[in-house]
Amino acid sequence: HVGVDRICAAAGALPGRARHAIIVDAGSAITVDLVLDRRFLGGLIMPGPQMMLGALHHFTAQLPDLDWAEVRADAFDDTAPAMHTGAAVGSAGAIEAAVRLLKGNAPGTRIPVWLTGGHAKRLCSRLPSGWKYMPNLTLVGLADIARQNSRAR
C-alpha cells in the first residue's frame, strides 16, 4: 500500500520526458521515494522534525514539549535550542542517507532529487543545493494525473 500523496508527488517530479526522480517529502513524516524508468519503486518513511521533538519529550523525563516552528538557526546553548537543532540536523542527515541508499539502486544513473512538504523549505539550507525545491509538487502531480486521465477518456 502506498499513500496517494506519494504517487502524486512522484508524478509531479516527472515533467515532460523525465524518467527518474527521488522525491523527498518532509512533513509530519519524511518520505524519500525512488522512481526509475517512470516506475514507482517505493522508498523510506521516517519521522519528521516535529515528530522527533515530540518523541524526545514523550520518551524522556525532563525534555520539554517544543514546536518546530519556533526553531532558532543552529543554536545549541540550552536544552530547547539543542533539541531544535538536533531535529534539523537529524532530519537532514537522515534524508541524505536515504537518498544515497536509493541512488545505490541505480549506479551511474543521474537521478534528480526533488524536495517538497511543509518542512522542506526550512531543511533546504542543510541539503545539497542542486536538489530542486517545489513546495506544491504533490498538487502539480495531481493536476498532471487529472490531465492524463481526461485525455484517456
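From a predicted model like this one, the values you see are computed outputs, not experimental measurements.

Definitions and cut-offs
- Residues numbered from 1 in each chain as written.
- Predicted model: local features only at pLDDT ≥ 70, side-chain atom pairs only at ≥ 80, totals over all residues.
- Heavy atoms only, no water.
- Pairing = 2+ DSSP bridges.
- Helix = DSSP H or I, 4+ residues; strand = E, 2+ residues; numbered from the N terminus.
- Contact = heavy atoms within 4.5 Å.
- Axes fitted to C-alpha atoms, helices over the stretch in contact; angles between N-to-C directions.
- Core = buried A, V, L, I, M, F, W, Y, C linked by side-chain atoms within 4.5 Å.
- Buried < 20%, exposed > 50% of the residue type's maximum accessible area, 1.4 Å probe, protein only.
- Polar contact = N/O pair within 3.5 Å; in protein donor to acceptor, adjacent residues only side chain to side chain.
- Salt bridge = Lys/Arg side-chain N within 4 Å of Asp/Glu carboxyl O.

Undergrad: How would you explain the sheet that holds strand S2 (residues 29-36) if you had to name every residue and give the values?
TA: Across the sheet, 5 strands lie side by side as S3-S2-S1-S4-S5; this open sheet has mixed pairing. Every interior strand has two partners, whereas the edge strands, strand S3 (39-47) and strand S5 (132-133), have only one. In this structure, S2 lies alongside S3, joined through 8 bridges in antiparallel fashion. Across the sheet, the residue bridging to Thr-31 is Ile-45, located in S3. Each of strand S1 (21-26), S2, S3 and strand S4 (113-116) touches helix H3 (residues 79-103); the most contacted strand, S2, lies at about 20° to it.

Undergrad: With reference to specific residues and values, describe the nonpolar core.
TA: Judged by nonpolar contacts, the single largest core of 27 residues is most densely connected at Ile-22, Val-24, Val-32, Ile-95 and Val-99. The set of elements that each furnish at least two residues to this core consists of S1, S2, H3, S4 and helix H4 (120-123). In terms of residues, this core owes the most to one element, H3, which gives 8 residues. Apart from the residues lying within four places of it in its own chain, the contact partners of Ile-22 are Val-32, Asp-33, Leu-34, Val-99, Leu-102, Lys-103, Ile-111, Pro-112, Val-113 and Trp-114. Leu-14, Ala-21, Val-35 and Trp-114 belong to the second largest nonpolar core, which has 9 residues in total.

Undergrad: An account of the side chain of Thr-85 is requested, with residue identities and associated values reported.
TA: Residue position: Thr-85 is located in helix H3. At a separation of 2.5 Å, a polar atom in the side chain of Thr-85 contacts the main-chain carbonyl oxygen of Ala-75.

Undergrad: Lay out the environment of Asp-5 in plain terms, naming residues and giving numbers.
TA: Looking at where Asp-5 falls in the secondary structure, it is placed in helix H1 (residues 4-12). For the pair Asp-5 and Gly-141, spaced 136 residues apart in sequence, the C-alpha separation works out to 9.0 Å.

Undergrad: I'd like a rundown of the side chain of His-20, residues and numbers included.
TA: Along the chain, His-20 falls in the loop between H1 and S1. Of note is the side chain of His-20, whose polar atom sits 3.1 Å from the backbone nitrogen of Asp-37. Apart from the residues within four sequence positions on either side, His-20 is in contact with Leu-14, Val-35, Leu-36, Asp-37, Thr-109, Arg-110, Ile-111 and Pro-112.

Undergrad: Let's hear about the environment of Ile-95: which residues, and what values?
TA: Tracing the sequence through the fold places Ile-95 in helix H3. In this structure the C-alpha to C-alpha distance between Ile-95 and Leu-139, which are 44 residues apart in sequence, comes to 22 Å. In this structure Ile-95 touches Val-24, Ile-30, Met-46, Leu-123, Leu-127 and Trp-131, once residues within four positions along its chain are discounted.

Undergrad: So what's going on with the pattern of salt bridges? Residues and values would help.
TA: A complete count under the given rule lists 4 salt bridges for this structure. One salt bridge connects Arg-6 with Asp-33, and the closest N-O pair in it is separated by 2.4 Å. Linking Arg-6 in helix H1 with Asp-33 in strand S2, this pair joins segments that are 27 residues apart in sequence. A single burial state applies to Arg-6 and to Asp-33, both of which are buried. Here Asp-37 makes a salt bridge to Arg-19, at a shortest N to O gap of 3.6 Å. Here Arg-19 lies in the loop between H1 and S1 and Asp-37 lies in the loop between S2 and S3, a separation of 18 residues in the sequence. According to the relative accessible area criterion, Arg-19 is partly exposed, its value standing at 41%.

These results come straight from atomic positions and should not be treated as a statement about function.
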